[in-house]
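# A look at the structure
One letter stands for each residue in the lines below.
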Amino acid sequence: MNTSFQLRSAVPLAGLLLLAACSNNAATNSGNNAAGTNQAQDAAAKTSTFTAAKGCKNIAVMLPESDSSARYEAYDRPLLEQEIKRALPGATIQYANANNNADTQQNQADAALTKGACIMVVDPNDSDKASVIVQKAKASNVPVIAYDRLIQDPDIAYYVSFDNVRVGQLQGQYILDQFQKGNYELKPGAKLVMINGSQTDNNALQFREGAMNALQPAVSDKRLNLVFDQYTPNWDNGRAQSLMEGILTQQRNDVDVAYVANDGMANTVIAALRSQKLNGKVLVTGQDATLTGIQNILIGDQAMTIYKPIAKEAQVTAQLVAALSNGTDPGSVVNGKTALKGGGEVPSALVMPIAVDKTNVASTVIADGFLTKDQVCSGLPTGAGGVCN
């Protein structure tokens, strides 16, 4: 896979940053100049709180897994390394992947601190258990940037992610729009299945929250019949397929919509549907705009996905790393605060997600260089999705 990741989009970074809507799990939108000033002051204070970060060039980058989503090794890792070294010349990276094990991630964090890591970028495998990492780092005056997934600890320095409630809203609204248009032969009483992500991942909670913000009115008035709604431990693709197979048996193949939280699970859900010759007949959602997800969209087995410009997320993270090392104000990069479930808020930088279906594959993931046309069309029939020729 191409790892140069040079975006060709002319959209400026500021245009991709979004103040999240107010909710218990989303960032708080500062509604006046005074609030905005306090937000900037809070963010600036972070650069002077963690004394070990001043002049730091030894950066730990810790990602959660690689088996349920291809994005972490294919995109996040090389992009974070590239952008951190660009923003902070002379930086060295200690990299570790937890392989879906929270205890392994804690051990990796301990090892990184022992090897002198003075700024840590942590995408937690478990949002609660990762608090131990934050507290051990704090004891050494080392800041932790929670990357992509929130860590439930008030002592994280910053949180960098996408507006995850918005991600779910885009997924749910897409389903609602297709229902209202009568696509996929959707009619009142259509059966809806929800296969959510891991309950230990705060993002998964926010995705479902956003989806239900859009879908709840239709569920409440029975336009959509919610017949299944369950989290999937560790975002396990095989588990998602088993769940879908069980649902199809229980419902005697009478399923109309499968809300699936990401592309990896969507692909195995599609496998379950294909075994019953239902692929392309059931509306399936996804997320991450993976190569497999995009190809499934172009051949008609998946309806949509969510494109999250990971390059922008990595760029913002690198700017915060540089600000901590240089002792400078991160400025407008920090554009909100995110509420923790135990109370308190953390300064946050949130990037806007984009819904993708057949109509805009070319103008989003391909135009940005996230995937190439050759990659997307490899193995697909001529004319697939109106993209491959």
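This part covers the pattern of salt bridges. In this structure the tally under the stated criterion is 17 salt bridges. Between E73 and R77 there is a salt bridge whose closest N-O contact spans 3.5 Å. Residue E73 and its partner R77 are both found in helix α3 (residues 71–87); the two are separated by four residues, about one turn of the helix. For E73, a relative accessible area of 31% gives the class partly exposed. The partner of D110 in a salt bridge is K136, and the shortest N-O contact between them spans 3.2 Å. Here the residue D110 occupies a position in helix α4 (residues 102–114), and K136 occupies one in helix α5 (residues 131–139), the gap between them amounting to 26 residues. One connected set of salt bridges, linked through shared partners, spans E65, D123, R149 and D201.

We now examine the sheet that holds strand β10 (residues 283–284). Read from one edge to the other, the open sheet built from four strands follows the order β8-β7-β9-β10, with strand pairing classed as parallel. Since the sheet does not close on itself, it has two edges, and those belong to β8 (224–230) and β10, each with one partner. For strand β7 (residues 190–195) and β8, the ladder comprises six bridges, and the chain directions are parallel. Across the sheet, K191 pairs through a bridge with N225, a residue of β8. With respect to the sheet, helix α6 (residues 164–181) is in contact with β7, β8, β9 (257–260) and β10, its orientation differing from that of β9 by roughly 165°.

About the criteria used
- Residues numbered from 1 in each chain as written.
- Predicted model: local features only at pLDDT ≥ 70, side-chain atom pairs only at ≥ 80, totals over all residues.
- Heavy atoms only, no water.
- Salt bridge = Lys/Arg side-chain N within 4 Å of Asp/Glu carboxyl O.
- Helix = DSSP H or I, 4+ residues; strand = E, 2+ residues; numbered from the N terminus.
- Buried < 20%, exposed > 50% of the residue type's maximum accessible area, 1.4 Å probe, protein only.
- Pairing = 2+ DSSP bridges.
- Contact = heavy atoms within 4.5 Å.
- Axes fitted to C-alpha atoms, helices over the stretch in contact; angles between N-to-C directions.

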